[in-house]
Amino acid sequence: MSEDPDASAIAPSPSGRLLCGGCAPHDACRLGVEIADARDDVVRFEVVCPRSWHGGPGVAHGGWTAAVFDDVLSVVALRVEPRLVTKSLAVSYLRPVPVERPVQVLARIDRHVGRQWEVSAEMTLAGTALATGRAELRTRHPHHFARHEAWLARQTLSPNGSHAES
Ligand SMILES: CCCCCCCC(=O)SCCNC(=O)CCNC(=O)[C@H](O)C(C)(C)COP(=O)(O)OP(=O)(O)OC[C@H]1O[C@@H](n2cnc3c(N)ncnc32)[C@H](O)[C@@H]1OP(=O)(O)O
């Protein structure tokens, strides 16, 4: 952990990608998300579900789809504000998503007032909607991660493995 965890902000990787903390060391999105085109507050992504994320035979695990929406819905706003967290995420699964087939995702900023962002996206294959996602984002408070670390440090592990505030 860096000395000031709140100094962290998502910046373009060496190859120009916007990546989460887990993917940044690889300089590649492990979910298979790539920006195809970006203009103002609308971003188009090309996304391929790795086979390792399949749930049913040949189709994506719903958790992969939700993670993709969390990612793309953040990226569309991260281009404007590099310090964001997701407050809520709603996904509608309309059709199975095939693995190892490119699908398109169009994400947009619907509303931005102060710290509050509303964003939405649609995942399609050949023009047919497979899933939709909608999220509320928040610009991070200046001490978001420090507050979290302080709170976590106050939690003590009891002998039965449960946590209690000390
Ligand atoms: C390119 C790759 C992109 C990848 C991006 C991925 C994006 C993500 O998934 S982020 C990870 C998932 N999201 C999170 O972890 C967010 C967790 N939630 C929160 O931190 C808060 O609920 C938060 C900030 C959303 C609340 O925002 P908001 O609704 O504006 O309310 P706010 O007034 O700030 O705070 C509400 C309460 O939460 C508390 N709170 C807020 N932030 C924190 C914090 N960091 N630590 C502890 N408590 C906090 C506040 O004190 C307040 O408590 P109370 O109701 O008792 O007064």
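The coordinates are above.
Note that the structure is a prediction, hence the values are computed from the model and not measured.

(A) Structural detail: the nonpolar core. Counting residues in hydrophobic clusters, the biggest one holds 34 residues, and the most contacted among them are Val 68, Val 72, Leu 73, Val 76, Val 105, Ala 107 and Val 119. Contributions of two or more residues to this core are made by β2 (42-47), α1 (62-78), β3 (84-93), β4 (103-113), β5 (116-125) and β6 (128-139). The element best represented in this core is α1, accounting for eight residues. Setting aside residues no more than four positions away along its own chain, Val 119 makes contact with Leu 73, Val 76, Ala 77, Ala 107, Arg 108, Ile 109, Asp 110, Ala 135 and Leu 137.

(B) Molecular detail of the site of the ligand. Taken together, 19 residues surround the ligand, and among them Cys 20, Ser 74, Val 85, Lys 87 and Arg 147 come closest. Elements represented by at least two residues in the shell around the ligand include exactly α1, β3 and α2 (144-153). A total of five residues in the shell around the ligand trace back to one element, the largest contributor, which is α1. Each residue belonging to the shell around the ligand can be placed in one class, and the counts come to eight nonpolar, five polar and six charged.

Rules of the game
Residues numbered from 1 in each chain as written. Predicted model: local features only at pLDDT ≥ 70, side-chain atom pairs only at ≥ 80, totals over all residues. Core = buried A, V, L, I, M, F, W, Y, C linked by C-beta atoms within 7 Å. Buried ≥ 20, exposed ≤ 12 C-beta atoms within 10 Å, placed from the backbone. Helix = DSSP H or I, 4+ residues; strand = E, 2+ residues; numbered from the N terminus. Contact = placed C-beta atoms within 7 Å. Near = placed C-beta within 6 Å. Nonpolar A, V, L, I, M, F, W, Y, C, P; charged D, E, K, R; others polar.

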